[in-house]
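The primary structure of each chain is shown beneath.
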Amino acid sequence: MAETLSVDKEQKYDRQLRLWGRDGQIRLEKAHICVLGSNAAATETVKNLVLPGIGKVTIIDNKNVAGRDLGSNFFLVHDSLGKSRAQETAKYLHELNDDVELVEGIHADPVQLINNEPTFIKKYSLIVASELPQNALLKLGELCHQAHIPLLVLNIYGFVGWLRTVLPEHDIVESKPDFPPSDLRISDPFPELLTYVNTWDFEKLNSTQHAHIPFPVILVKAIEAWKASHGGALPANTKEKDEFKKSILALSWKAEEQNFAEAHNAALQAFIPYSIPSAVQAVLDDAKANADNITAESSPFWILAAAVRLFVAKEGHGKFLPLMGAIPDMEAETNTYIDLQNVYKHKAEADQAAVRAHVNAILTRIGKGPETISDDLLTLFCKNALFIRVFRYRTLAEEFNPETSTVAESSWQLEDTATNNLHWYLLIRAALRFEQQHGRLPSSDVNADSMQDYNEYKNHVQTLLKEHGLAEDALSNDSIKEFCRYGGSQLHSLGAILGGVASQEILKITTKQWIPVNNTYIFNGMCSNSSSYEF
Amino acid sequence: MSAADIEGRWDHIDYLLRRESEFAAPGFEVDTAEEPSTKHFLTEDARILVIGAGGLGCEILKDLALSGFKNIDVIDMDTIDVSNLNRQFLFRKKDVGRPKAEVAAEFINTRVPGAKVQAHYKAIQDMPLEFYQDFNLIIAGLDSVKARRWINSTLVSLVERDDDGNWDADTIIPLIDGGTEAFKGQARVILPRITSCFECSLELFPADPLNFQMCTLANTPRQPEHCIEYITLMVWPDERKGEKLDKDNPDHMMWIFNKASERANTFGIKGVTLKLTQGVVKRIIPAIAATNAIIAAACVNEVFKIATRSANYLDNYMMYNGTESVYTNTFAFEKKAQCPVCGSESITWTIAGEKTLQQLIEELLAETRFQLSAPSISVGSESKKRNLYMRNPRVLEEQLRPNLDKPLKDLIQSGDVLFITDPNLPSAAIELNVKFTA
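The structure contained in this document is the topic of the report that follows. From a predicted model like this one, the values you see are computed outputs, not experimental measurements.

**Section: the overall build of chain A**
- Of regular secondary structure, chain A possesses 22 helices and ten strands.
- Each principal axis of the C-alpha atoms in chain A carries an extent, and together these give about 90 × 55 × 45 Å.
- Looking at chain A as a whole, 59% of its 535 residues qualify as buried.
- At a minimum sequence separation of 6, the contacts of chain A that also span at least 24 residues come to 69%.
- When the accessible surface of chain A is totalled, it reaches about 20,900 Å², and 50% of it is carbon and sulfur.

**Observations regarding the overall build of chain B**
- Counting its regular elements, chain B contains 14 helices and 13 strands.
- For chain B, the residues scored as buried account for 56% of the 438 residues in total.
- For chain B, long-range pairs separated by at least 24 residues make up 61% of all intrachain contacts whose partners lie at least 6 apart in sequence.
- Entry remark: accessible area of chain B is about 19,300 Å², with carbon and sulfur atoms responsible for 48%.
- Of note, chain B has its 49 positive side-chain charges centred 6 Å away from the centre of its 62 negative side-chain charges.

**Overview of the interface of chain A and chain B**
- Chain A puts 91 residues into the contact, and the matching count from chain B is 84 residues.
- Summed over both sides, the interface between chain A and chain B buries roughly 7,200 Å², with carbon and sulfur atoms accounting for 56% of that surface.
- Three residues, Arg15(A), Phe74(A) and Arg485(A), lead the burial of chain A against chain B; their summed loss comes to 12% of the area buried on that side.
- Summed over the shared surface of chain A and chain B, the result is seven salt bridges.

**A closer look at a nonpolar patch on the surface**
- A cluster of nonpolar side chains, namely Met214(B), Leu233(B) and Met234(B), defines an oily patch on the protein surface of about 250 Å² accessible area.
- Secondary-structure assignment places Met234(B) in helix α8 (residues 224–239).

**Some words on the packing of aromatic side chains**
- For the structure on display, the rule yields 29 aromatic pairs over all chains.
- Chaining the aromatic ring pairs together yields one cluster made of Tyr157(A), Phe159(A), Trp424(A), Phe434(A), Tyr457(A), Phe483(A), Tyr486(A) and Phe23(B).

**Here we look at the environment of Glu297(A)**
Residue and element names in this part refer to chain A.
- Tracing the backbone shows glutamate 297 in the loop between α14 (278–285) and α15 (300–313).
- Residue classification places glutamate 297 among the exposed residues on the basis of a relative accessible area of 71%.
- A sequence separation of 90 residues divides glutamate 297 from serine 207, and the C-alpha atoms of the two residues are 60 Å apart.

**Section: empty space enclosed by the protein**
- In this structure the tally under the stated criterion is three cavities of 30 Å³ or more.
- Computed from the structure, the largest cavity encloses a volume of approximately 100 Å³.
- Residue lining of the largest cavity: 15 residues in total, with Leu491(A), His492(A), Ile13(B), Leu66(B) and Ser67(B) positioned closest to the centre.
- Elements with a contribution of two residues or more to the lining of the largest cavity: α22 (492–511) of chain A together with α1 (11–18) and α11 (289–308) of chain B.
- Here the residues of the lining of the largest cavity are counted per class, giving five nonpolar, seven polar and three charged.

**Description of the sheet that holds strand β10 (residues 376–379) of chain B**
Residue and element names in this part refer to chain B.
- Read across the open sheet, the five strands follow the order β9-β13-β12-β10-β11; overall the sheet is mixed. What marks the edges here is a single partner per strand, and that holds for β9 (347–351) and β11 (386–389). Direction aside, neighbouring strands of the sheet carry axes that sit 35 degrees apart on average.
- Pairing geometry for β10 and strand β12 (residues 417–422), over four bridges, is antiparallel. Residue pairing in the sheet places valine 379 in a bridge with leucine 418 of β12.
- Packed onto the sheet, helix α12 (residues 357–366) meets β9, β10, β11, β12 and β13 (425–436) and runs at close to 130 degrees relative to β9.

Conventions we followed
Residues numbered from 1 in each chain as written. Chains lettered and ligands numbered in written order. Predicted model: local features only at pLDDT ≥ 70, side-chain atom pairs only at ≥ 80, totals over all residues. Heavy atoms only, no water. Helix = DSSP H or I, 4+ residues; strand = E, 2+ residues; numbered from the N terminus. Buried < 20%, exposed > 50% of the residue type's maximum accessible area, 1.4 Å probe, protein only. Contact = heavy atoms within 4.5 Å. Areas by Shrake-Rupley, 256 points an atom, 1.4 Å probe, with all protein chains shown as cover. Lys, Arg positive; Asp, Glu negative; His and termini not counted. Charge placed at Lys NZ, Arg CZ, Asp CG, Glu CD. Buried area = accessible area lost by both parts, 1.4 Å probe. Salt bridge = Lys/Arg side-chain N within 4 Å of Asp/Glu carboxyl O. Patch = residues over 30% accessible without salt bridge, like charges linked within 9 Å, V, L, I, M, F, W, Y side chains within 5 Å. Phe/Tyr/Trp six-rings, centres within 6.5 Å; stacked < 30°, edge-to-face > 60°. 1 Å grid on protein atoms, 1.4 Å probe; cavity = no way out; pocket = protein on both sides within 12 Å on 5 of 7 lines; lining within 4 Å. Points joined across faces, edges and corners; volume = space filled by probe spheres on them. Nonpolar A, V, L, I, M, F, W, Y, C, P; charged D, E, K, R; others polar. Pairing = 2+ DSSP bridges. Axes fitted to C-alpha atoms, helices over the stretch in contact; angles between N-to-C directions.

Right, dumping it as C-alpha cells:
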C-alpha cells in the first residue's frame with residue numbers, strides 16, 4: 001500500500017502503530033462498522049475504535065435517552081434526556097477524535113431494518129449488535145452469513161457479559177503468536193547452511209572465538225556428527241537425547257561459555273525433525289489452495305497459499321515451507337553473526353523467488369499480471385508461512401438450533417459450582433427466549449423483586465436444557481434466581497469490559513493480525529474470570 | 001430537580017443493591033427505596049483515590065463516576081503529550097502540556113453530574129501519609145514497578161494492630177492495582193497484611209528485555225538495539241558531559257539516532273531508525289484504549305463489589321491476554337512469609353564471617369528478589385539498635401563508612417538479625433538472620 005500517514009497521525013497514533021503498523025492502520029481507516037444499539041456496551045466498543053482512528057461508524061437505534069442511560073453511558077449529557085440515543089451518543093463519540101471521517105447516529109429500529117430492509121448491511125464491513133431480541137438476532141446472523149460480513153453480538157446482564165463473533169471466512173497472514181518458534185532448520189540443514197557450518201573448525205579457534213561460535217553452528221555440527229554415527233537417525237529416546245545434550249557441553253572449553261549454554265538449551269531444535277504445523281497444513285490442503293481452483297475472483301491470500309503449496313511439493317521436496325529467514329539474537333561476534341544472518345537471508349530470498357515463479361504462473365493462467373501480488377505481500381506471506389491461519393466460524397443458526405448445537409458435549413462442566421461460566425451462557429440463552437416472548441428480560445421491573453418472573457423464566461430454562469440434551473435441573477435455582485436479580489441491569493463497568501473485548505476483537509479482525517476468539521466469550525464479573533467456547 | 005437527581009439514573013445499580021442474592025458477599029444488606037444505605041455510602045460517603053490519570057486512570061475515573069462514586073481524588077505528576085491522545089480520552093489536542101490530573105478531573109466533573117473529582121498534580125511520594133489514610137479504597141493505574149512498590153509498602157505500613165494483637169480492619173485500605181501492555185494486562189486486589197502484597201509477587205514482573213550485557217554493547221553488537229543502547233549509556237555521558245539526556249527533546253533523540261546509525265554502519269548492522277531509537281531510549285510500550293478499558297473496568301468492578309458487598313471480590317489476581325483468542329487466568333497469589341514488606345518471618349542469610357560489610361551489601365544488591373538500590377543496614381531492634389551503615393544523613397554516612405571494609409565477624413555475631421532499609425521500600429525493612437559459615 002502506497003499510502004502514508006500524516007506527521008500528526010504518526011505522532012498521535014505512535015503507540016498503536018508500534019503494534020499493527022501502517023498497513024494495519026490503513027485497513028482500520030478503510031473500515032465502516034455498523035452498530036445496532038447504543039447502550040453502554042455498544043458505545044464503549046465504539047469509543048475504543050474511534051480513538052485509534054477507525055474509518056466510519058454508523059449507530060442505529062430507536063431508543064430515546066432515559067434517566068438510567070445517564071447513569072451508565074459516558075457519551076450522553078443531561079441535555080440528552082428524551083432525545084435520540086443513537087444521535088446523542090454518536091455526537092459525543094465523534095468528539096473523541098476529529099480525524100475520524102464519520103460517526104453518525106440514525107434514529108431507526110434495527111429490528112424493522114432487519115425484517116424489512118435487509119440489504120442495509122451491505123454498506124458495512126462489520127456489524128455489531130447489542131440488545132437485539134432473539135428472532136431479529138438470528139435473522140441478522142443469516143443475512144450476514146449470506147453477505148459474508150463479520151458480525152459481533154454483545155450483551156451484558158448484571159455481572160455477566162456475552163460476546164459472540166461470527167466470521168464467514170477469516171484468513172490471517174500475521175497471526176503473531178506470543179512464542180513463535182524459530183526456523184533454523186538445525187535438524188534438517190539446507191545445503192548452504194551445511195556448507196557454512198563446515199567452514200568452522202572449532203579446534204583452530206582462540207578462546208574468544210570459541211566462546212562466540214553461534215549456537216546453530218554448534219548444534220548443526222553436533223547433530224550431523226550424531227547422524228553419521230547413528231545411521232542417519234536423530235536421537236530417538238530420552239536416553240539418546242540426554243546423551244546428545246551432554247555431548248554439546250562436552251565440546252565446551254569453559255563453563256562460562258554462554259554460546260554452549262544457548263546450544264544446550266536449544267537442543268530440542270536439533271532432535272525434533274522439521275514439520276509443517278497442522279494449522280498451516282490445513283490451509284494448504286484447503287480446496288481454495290489448490291492452484292487448479294484459483295480464478296480471477298480469488299483473493300491474494302489464496303493465490304499465495306496455492307503458490308506455497310506448489311513450492312512445498314517442488315522446491316520444498318514435499319516437506320518444507322519457504323524459509324522464514326530471521327534468526328534470533330545469540331552470543332556471537334558481530335561479523336560471524338552477520339555472516340550467519342546472510343546465509344539464512346539468502347536462502348529465504350531464494351525460496352521467495354521460487355514462490356514468485358509459482359505465483360506468476362498462476363496469475364498468467366487467470367489472465368492477470370505479476371503486479372497483482374506485490375513483492376511486499378509475497379515476502380510477508382513467506383516470512384509468516386509457519387503462522388498462517390484460516391477460520392470459518394459456525395453460524396448462529398448452527399449454535400441455536402438444538403439439532404446442530406454442540407453444548408451437550410460440554411455438559412460435564414455443569415457439574416461444577418453455579419459460578420461456572422457455562423451456566424451463565426445457558427441462562428443468557430434462556431433469557432433471550434423469555435425476552436422474545438415477553439418483550440422484556442426476566443424481573444426487569446426495578447421496583448419489584450427477583451421473584452417477579454422467576455417461575456416463568458425457570459420454565460424457559462428447563463425447556464432450553466431439555467431441548468439441548470441436558471438435564472432439566474442442570475442449573476441451580478440459586479443461579480436462575482441470580483439472573484432474575486440482574487433484571488437486565490447494565491452496569492457501566494461490565495459494558496466497558498465487554499466493549500473493550502469486542503473492540504479488541506474488531507481490531508484483530510480488521511487489521512487481520514493476531515487471532516480472534518472462535519467464537520464465544522463469557523465474562524464473569526463476580527469471579528473476575530472468563531471462558532471461551534466454540535459453539 | 002438537579003442534574004444529579006435524575007429519576008432512574010442509578011437503576012442499573014439498584015437492581016443489584018435492592019435484591020437479595022446467594023452470591024452476595026458476607027454482610028450484604030439490601031437497600032430499600034426508602035432507605036438506600038449502600039447506595040448512600042457509594043454516592044455520598046465513599047472516598048476513592050485514583051493513582052495515575054493516564055491510559056488506565058482516564059478509564060478508571062469514568063468507570064468510578066458511572067458506578068455512583070462521587071468523592072474521587074486523582075493524583076498524577078505528568079503533563080499531556082500528543083502520543084497520549086490515542087487512548088487517554090479525557091484529553092484533547094488543546095490540552096497538550098497541561099497536567100493530566102487537572103484536565104481529567106475537569107472533564108469528568110463536567111460530563112458526569114454530581115461528580116466531585118479533585119486533582120493533585122503531584123508525585124505520590126510527595127503526599128503525606130495522612131493523605132492516604134483518608135481513603136476507603138485506592139485504585140492504581142501506574143506504569144512503573146517502582147511506584148507500585150512505593151504505594152504498596154506505604155499502605156502496608158499504615159496497618160496497625162488492635163488491642164487484641166490482630167490487624168485492625170479499620171486501618172486496612174484495599175489497593176486495587178491494574179497494569180497493561182499492548183494486548184496484555186492484569187488486575188489484582190491487595191488487602192494489606194491479609195492477602196499477598198505487591199512485593200510478594202515481584203518476580204512476576206520480567207526483567208527489562210533491553211538490558212544488555214556491556215560486553216555485547218561494546219564489543220560484539222549484533223542488533224540495532226545494541227547500537228542505540230551503547231550510544232545512550234556510553235557515548236552520550238562521554239561526549240556530552242554533564243548534560244542530562246532529555247528523552248522528550250527531539251534534538252537529543254536525533255543526536256542519538258545519528259550516532260547509533262554511524263555505529264551500526266561500521267559494524268554492518270541494519271535496522272537503526274528514528275522510531276526504533278525513540279522506542280529503545282524511552283522504553284516505549286505499545287498501548288491501545290481497548291486493553292486499558294478492560295483492565296480499568298475490571299478494577300473498578302472490584303471497587304464496586306468491595307464497597308457494596310453485592311458480590312464477592314477478586315481473590316486475588318487476574319491475568320489477561322488478548323493476542324490469541326481472549327484469555328484470563330484468575331488465581332490467588334499466595335502471601336509470602338518472608339516478604340520484605342508484609343512478611344512475618346526473617347530471611348536466613350549465610351555468609352563467611354571474613355567477608356566485609358561492603359561484600360554483604362553487594363550480595364544483597366545482586367539478589368533479584370529484593371531489587372534494592374541503596375541499602376542501609378542496622379542490627380538489633382529498639383533499645384538494642386546499632387547502625388552499621390546508613391546512607392543518610394551525610395554526617396552519619398561519613399562516620400559509618402569505615403565499617404564497609406570491616407569483616408562482618410568484627411561487627412556482628414552469627415545469628416544476629418540485621419534490618420535492611422532501602423529507598424525502593426519506604427516504611428519497610430528486610431529482616432536478615434545472618435549465619436556465618438563454619
